[in-house]
Each structure stands twice: as C-alpha cells, then as structure tokens.
Amino acid sequence: AEARHIGTPAAGVLLSVHALAGDTVEKGQLLAVFDDTELQLQRSQLLSELRIAQINENRAISEGQGVDAELARAEQELTRSKLQEVDRQIELTRVVAPFDGQILSGDLRSRVGETMALGTPMFEIARLDEWTIDVEMPQRSAADLRAGRVGTFAPNARPEEVSSLQLTRVQPVAKPVAGKTVYITEAELSDVHDWMKPGMEGMARVSFGKRPVWWVASHRITDYFRTKFWL
C-alpha cells in the first residue's frame, strides 16, 4: 500500500551501509551512514564560541557594561542558531527507516567511500502490514468497473491460498500492457500472509453480479460480430 524511495539527504561521502534489498527493517533502524567529520569539527568550534560568548557576558555584567553584555547575549543566540543547523545536518548523515517494512531495492556496498550528490536514490522500502494489488481488467469490463466491487485473488506462488479483495480505485485511462489494452484497478486484500512479497503476480476474479447463462455463453461472440461487421 505504501512504498517510499529514500534518496541521499545531503551531499557527502558514504561511510557505511547497514541494510540491503530483501532485509526487513524496523522504524528508526539505521540504513546507512555518511561521513560527518567536518560537521563534528564545526560543532566543536561553535561550542567553543558559545562558551567564550557566555564568559564575555558574565564579565561584562560583573563590570557593569550593559551594552557589552547585550552584545554577548546576541552573539550566543547567533551561535546557538548555527549550532542547531549543524546538528540538523549531522542528523541527516544517518539514514534510518521511516517505518517498519522491507527493503525492495538498494545495494550500496560498492559505493562505500564514494561522494554522493543530494537526492541520489538509495533505497526503496515498502510497508508489509498493508497491501494493495493492481488488477489488470480487460476493456470489455470497463462499463462495470467501480470501487466497491469484490472478488478473489489467487497468487501464482500459492494458488491454493485464495484471498478476498475489494476494488478501491479505478484508473480512468486505459493502458497498454503486454500487447493488450487494460484498465488498472487498485484493490485491497482482506487476507495477508507472511509469505507474501511485493511484486508477486496472480489471477484475480471480480464479481459484476449475476448474468443469465445465455448471456455469459454468447456475449463475447455477439460483441465480436458487432465490432467486426457493424451489426
């Protein structure tokens, strides 16, 4: 139901990788680390400047120099703002999982030590507690497609374990898929099994209500002659 792409949060040197495609991760789990040496040096320098500004404030107060004390306080506020920004950048050097899920793609082992630009794709992670399937429906069913329709789904991996489904969204424009024109409909599964994996395929059956036996047996042939011979 949700897959998220994780890109490089800031330009930097990739220091280590802690997750690969196929790994199951928890929210907040460390995925990769970028070099923060320069940022840590900046942070130490700012902390020193902050201590100096505090000393200057205390000295100005003790000497009764109100203006100098006010300037020292302003300098402290400016230094704290810079420190907050550096801390934010340091936090970005640690890439963590945004939620519990599975890594669908991303193997950065060969890129350790490489300088990566901002926004470079790193991982794709998907939730495993909510699933959505894309059902490819033929053109002849377009008139009956609407959210709320129910049906069943049998995955190719284990066709004997059938799950119930319900259509939640119908894309309004048909798309060519494998040489056929189909409508993509999104559906929710009521039964989610531990062995299911993103990207699985199978066969879906959607109920459009009852039809007379003669209609079921003849409507495809009738439609064929109508379209071919304008009957």
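Throughout this description, residue numbers start from 1 for each chain and increase along the sequence as written. Totals for whole chains, interfaces and linings use all residues, but because this is a predicted model, local features are given only for residues with pLDDT of at least 70 and pairs of side-chain atoms are given and counted only at 80 or more. Hydrogens are left out, water is left out, and the side-chain values use all remaining heavy atoms of the structure.

Quick look at the confidence of the model for the chain
Inference 1: pLDDT measures the predictor's confidence residue by residue and takes values from 0 up to 100. Scored by pLDDT, the chain comes out at a mean of 88, with 100% of its residues at no less than 70.
Inference 2: Here helix H3 (residues 213-229) is the element of the chain with the lowest mean pLDDT, 77, and strand E4 (residues 30-34) is the one with the highest, 95. For helices the rule is a DSSP run of H or I covering at least 4 residues; for strands it is a run of E covering at least 2, with both sets numbered from the N terminus onward.

Thoughts on the packing of helix H1 (residues 37-62) against helix H2 (residues 66-92)
What describes two packed helices is the angle between their axes and the distance between those same axes.
Inference 1: It is the contact of H1 with H2, at a shortest axis distance of 8 Å, that shows an interaxial angle of 165 degrees. Relative to H2, the element H1 is oriented roughly antiparallel. Crossing hand, H1 versus H2: left-handed.
Inference 2: Nonpolar residues are Ala, Val, Leu, Ile, Met, Phe, Trp, Tyr, Cys and Pro. Charged residues are Asp, Glu, Lys and Arg, and all others, Gly as well, are polar. Its residues assigned to classes, the contact of H1 with H2 shows 12 nonpolar, 7 polar and 9 charged. Note on geometry: axes are lines fitted to C-alpha atoms, helical ones only across the stretch in contact, with angles between N-to-C directions running from 0 to 180 degrees. By the definition adopted for this analysis, an angle is roughly parallel if under 35 degrees, roughly antiparallel if over 145, roughly perpendicular if from 65 to 115, and oblique otherwise. Note: crossing handedness is left-handed where the near helix turns anticlockwise from the far helix by less than a right angle, and right-handed where it turns clockwise.

Some words on H1
Inference 1: To estimate the expected span of a helix, count its residues, drop one, and scale the result by 1.5 Å. If you check H1, its first and last C-alpha atoms are 38 Å apart, about what 26 residues at 1.5 Å a residue would give, namely 38 Å.
Inference 2: Every buried residue of H1 is listed here: Leu39, Leu46, Leu50, Ala53, Glu57 and Ala60.
Inference 3: In what follows, residue pairs with any heavy atoms lying within 4.5 Å of each other are defined as contacts. Summarising the contacts, the buried residues of H1 are in contact with H2.
Inference 4: Backbone geometry just after H1 places Gly64 at a positive phi near 75 degrees. A simple rule labels every residue: compare its accessible area, found with a 1.4 Å probe on the protein chains alone, to the largest value its type can have, and call it buried under 20%, exposed over 50%, or partly exposed in between.

A look at the packing of aromatic side chains
Each aromatic ring pair is summarised here by two numbers: the centre-to-centre distance and the angle between the ring planes.
Inference 1: Here is the rule: rings of Phe, Tyr and Trp (six-membered ring for Trp) pair when centre to centre is within 6.5 Å. Planes less than 30 degrees apart are stacked, more than 60 are edge-to-face, and the remainder are tilted. On inspection of all chains with the given rule, the structure shows 0 aromatic pairs.
Inference 2: Comment: the charge-over-ring label is applied if NZ (Lys) or CZ (Arg) is within 6 Å of the ring centre and within 35 degrees of the ring normal. Directly above the ring of Phe99 sits Arg127, whose terminal nitrogen or CZ lies 4.4 Å from the centroid.

Re the side chain of Thr120
Inference 1: The residue Thr120 is located in the loop between strand E7 (115-116) and strand E8 (121-126) in this model.
Inference 2: Other than its neighbours up to four places away in sequence, Thr120 contacts Ile6, Gly7, Thr8 and Arg111.

Overview of the sheet that holds E8
Consider a sheet: its strands pair through backbone hydrogen bonds, and that pairing is either parallel or antiparallel.
Inference 1: Two strands pair under a simple rule: DSSP has to find at least two bridges between them. Taken together, 4 strands build an open sheet; the order of strands is E1-E8-E6-E3 and the sheet is antiparallel. Here the strands that pair on one side only, and so sit at the sheet edges, are strand E1 (3-7) and strand E3 (24-25).
Inference 2: Here 2 bridges tie E3 to strand E6 (residues 101-105), and the two strands are oriented antiparallel to one another. Bridge assignment links Thr24 to a residue of E6, and that residue is Gln102.

Overview of the sheet that holds strand E2 (residues 12-17)
Inference 1: Read across the sheet, 4 strands follow the order E5-E4-E2-E7 without closing on themselves; strand pairing throughout is antiparallel. Each edge of the open sheet carries a strand with a single partner, namely strand E5 (94-96) and E7.
Inference 2: Sheet topology note: the E4/E5 ladder contains 3 bridges and is antiparallel. When the sheet's bridge partners are listed, Val33 is paired in E5 with Arg94.

Describing a negative patch on the surface
Inference 1: Patches here are clusters of residues that have more than 30% relative accessible area and form no salt bridge, with a 9 Å joining cutoff for like charges and a 5 Å cutoff for nonpolar side chains (Val, Leu, Ile, Met, Phe, Trp, Tyr). Methods summary: accessible areas were calculated by the Shrake-Rupley approach with a probe of 1.4 Å, and residue burial reflects only the protein chains presented. What makes a salt bridge here is a side-chain nitrogen of Lys or Arg within 4 Å of a carboxyl oxygen of Asp or Glu, nothing more. Counting rule applied: Lys, Arg positive; Asp, Glu negative; His and chain ends not counted. Throughout, a charge is located at the NZ atom of Lys, the CZ atom of Arg, the CG atom of Asp or the CD atom of Glu. Taken together, the side chains of Glu26, Asp100, Asp129, Glu130 and Glu188 present a region of like negative charge at the surface.
Inference 2: Following the sequence through the fold, Asp100 ends up in the loop between E5 and E6.
Inference 3: Assessed through its relative accessible area of 47%, Asp100 is described here as partly exposed.

Examining the pairing of E4
Successive side chains on a regular strand alternate, one facing one side of the sheet and the next facing the other.
Inference 1: Burial of E4 is extensive: 4 of the 5 residues sit out of reach of the surface.
Inference 2: Sheet topology places E2 next to E4; 3 bridges connect them, and they run antiparallel. Residue pairing in the sheet places Leu14 in a bridge with Phe34 of E4.

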